[in-house]
Amino acid sequence: MYTSGYANHLTPSTSAAGNVAQNSIGRVSTGLISEVVYREDQPLLTQLLLLPLLQQLGQQSRWQLWLTPQQKLSREWVQSAGLPLAKVMQINQLSPCDTVESMVRALRTGNYSVVIGWLPEDLSQEEHLRLTDAAEEGNAMGFIMRPVREDSYRRGQHPGLKIHSNVYH
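Residues numbered from 1 in each chain as written. Predicted model: local features only at pLDDT ≥ 70, side-chain atom pairs only at ≥ 80, totals over all residues. Heavy atoms only, no water.

Student: Describe the pairing of strand 7 (residues 112-118), and please don't skip the residues or the numbers.
Tutor: With respect to burial, strand 7 is a largely interior element, seven of its seven residues being buried. Bridging between strand 5 (residues 63-68) and strand 7 involves five bridges; their strand directions are parallel. Across the sheet, residue Leu65 finds its bridge partner in strand 7, namely Val115. Strand direction decides the pairing type here: strand 7 and strand 8 (residues 141-147), joined by five bridges, are parallel. (Buried < 20%, exposed > 50% of the residue type's maximum accessible area, 1.4 Å probe, protein only. Helix = DSSP H or I, 4+ residues; strand = E, 2+ residues; numbered from the N terminus. Pairing = 2+ DSSP bridges.)

Student: Give a detailed account of helix 3 (residues 96-109), specifying residues and quantitative values.
Tutor: With 14 residues, helix 3 ought to run about 20 Å at 1.5 Å a step, and its terminal C-alpha atoms sit 20 Å apart, in line with that. Residues of helix 3 that are buried: Thr99, Val100, Ser102, Met103, Val104, Ala106 and Leu107. The inward-facing, buried residues of helix 3 abut strand 4 (32-38), strand 5, strand 7, helix 4 (125-138) and strand 8. (Expected span 1.5 Å × (residues − 1). Contact = heavy atoms within 4.5 Å.)

Student: Would you mind going over the pairing of strand 8 in detail, with residue names and values included?
Tutor: In terms of residue burial, strand 8 counts as a mostly covered element, since seven of its seven residues are buried. Neither face of strand 8 is open: one carries Met141, Phe143, Met145 and Pro147, the other Gly142, Ile144 and Arg146, and all of them are buried. The pairing of strand 4 with strand 8 spans seven bridges and is parallel. Across the sheet, residue Glu35 finds its bridge partner in strand 8, namely Ile144. With helix 4 bridging strand 7 and its parallel neighbour strand 8, the resulting β-α-β unit is right-handed. (Right-handed = clockwise from strand over helix to strand, strands pointing away.)

Student: Lay out the environment of Asn92 with the relevant residues and their values.
Tutor: In this fold, Asn92 is placed in strand 6 (residues 88-92). Asn92 gets classed as partly exposed once you look at its relative accessible area, which sits at 45%. Here the alpha-carbon distance between Asn92 and Thr68, two residues 24 residues apart in the chain, equals 4.9 Å. Every residue in contact with Asn92, bar those within four places of it in the chain, is listed here: Thr68, Pro69, Gln70 and Gln71. Only 2.9 Å separates the side chain of Asn92 from the side chain of Thr68, close enough to count as a polar contact. (Polar contact = N/O pair within 3.5 Å; in protein donor to acceptor, adjacent residues only side chain to side chain.)

And the structure:
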């Protein structure tokens, strides 16, 4: 999972999903973009990592937006996962280019606590910057879901959770 966002000062009174961070010029921001790299043959691991956070964000008055490539979220899964059915919105995306642009627009509005989009390839630096700026402007979280490529398995790379954050670097 790749994470970016401001994190120079954490306030102790905020929840894990809504930690408020303050940057060096004093602007308060809770915008965050994370990239979750997962194995398609192990979807449960990704669910175990993200569901608690999504459940907590579901307690906010804002919506959760899922920009999915082709799959349709089932009402039964949403309810059994403990997510608020009345606050989950899904839009099918036709192309990765549409997904990034849709995420930027949605994050910027501030209407969503979280925007989740699926992309087959890494984000460019420009795309990542646009998403990060939009998340900060809308005070929202964005998750880029990206499957690990099969050729990575053959090259001997070990799939796993990768966290990149200003908190630790």
